[in-house]
Amino acid sequence: MDDQQLQQWVEQISLDSFGRPFLHKARFNRRLTSTGGRYFTKTHDIEISSHQLEQFGMEDVEKIIKHELCHYHLHLLKRGYQHRDADFKSLLKQVGGTRFCRSLPTVKRREPYRYKLVCTVCKTEYLRKRKLDPRKYACGNCRGKLKLHMLDLKQNS
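Please read these numbers as outputs of a predicted model, since none were measured by experiment.

Asker: Help me out: how do you make sense of the pairing of strand β5 (residues 125–128) in this one?
Answerer: Strand residues, when the strand is regular, have side chains that alternate between the two faces of the sheet. Strand direction decides the pairing type here: strand β4 (residues 115–119) and β5, joined by four bridges, are antiparallel. Across the sheet, the residue bridging to Leu117 is Tyr126, located in β5. Remark: five residues form the turn of the hairpin made by β4 and β5, two consecutive strands paired antiparallel; Lys123 in that turn has positive phi of roughly 65 degrees.

Structure representation (structure tokens):
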């Protein structure tokens, strides 16, 4: 399925389930891995995770689309469109959308750990992706001083 087919699908779901047209853009976004979709309040566009469609099929994605359309229509009607609002919860239940999407299988780490902090007293190791100043921190076990080591990326990936 491509973006054009998704656009038509979202427009059809909007008319069938909400009785209102969807007048903005809908597109897939491959970078969405921890969420099923998102609604943009400034542009009123909707993005859907293509991974959700590949992993779980059209039935689950339809529920995600309904969820995003709840945000869309309530926002345009100037009603409570956020997850905590009663209007949102009520409309979501009414149209049969999902509150949460299913979790994708864990994606392999793209960014390996680059730094290791080692306690000089108890030898506890802490892996970190970002460099930090070890003078500002102490060991969580014994409050000892930490020493920073840079890891070899070839052995870590």
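Asker: Would you explain the sheet that holds β4 in this entry?
Answerer: As summarised here, the arrangement of the three strands in space is β5-β4-β6, forming an open sheet in which the pairing is antiparallel. Of all strands in the sheet, those bounded by a partner on one side alone are β5 and β6 (146–150). The mean inter-strand angle of the sheet, taken between neighbouring strand axes irrespective of direction, is 25 degrees.

Asker: I would appreciate a short explanation of unusual backbone geometry in the present structure.
Answerer: The backbone of Lys123 sits at a positive phi, close to 65 degrees, despite the residue not being glycine. Secondary-structure assignment places Lys123 in the loop between β4 and β5. Taking the relative accessible area as the measure of exposure, Lys123 reaches 53% and is therefore exposed. One non-glycine residue, Arg143, adopts positive backbone phi at about 65 degrees. Judged by its relative accessible area of 64%, Arg143 is exposed.

Asker: Looking at this model, I keep getting lost on the pattern of salt bridges. Mind explaining?
Answerer: Pairing between side chains becomes possible if they bear opposite charge and their charged atoms approach one another. Enumeration according to the criterion identifies nine salt bridges in this entry. Here Arg27 and Glu47 are joined by a salt bridge, their closest N and O atoms 3.2 Å apart. You can see Arg27 sitting in strand β1 (residues 26–29) and its partner Glu47 sitting in strand β3 (residues 46–49), a full 20 residues away along the chain. According to the relative accessible area criterion, Arg27 is partly exposed, its value standing at 27%. As a salt-bridge pair, Arg102 and Asp60 come within 3.0 Å of each other at their nearest N and O atoms. On the criterion of sequence distance, the pair formed by Arg102 in the loop between α4 (86–95) and β4 and Asp60 in helix α3 (residues 58–76) is long-range, its members being 42 residues apart. Taken together, the shared-partner salt bridges in this structure form one network comprising Arg27, Arg38, Asp45 and Glu47.

Cut-off values and rules
Residues numbered from 1 in each chain as written. Predicted model: local features only at pLDDT ≥ 70, side-chain atom pairs only at ≥ 80, totals over all residues. Heavy atoms only, no water. Pairing = 2+ DSSP bridges. Helix = DSSP H or I, 4+ residues; strand = E, 2+ residues; numbered from the N terminus. Axes fitted to C-alpha atoms, helices over the stretch in contact; angles between N-to-C directions. Buried < 20%, exposed > 50% of the residue type's maximum accessible area, 1.4 Å probe, protein only. Salt bridge = Lys/Arg side-chain N within 4 Å of Asp/Glu carboxyl O.

Any link to function would need more than the numbers given here.
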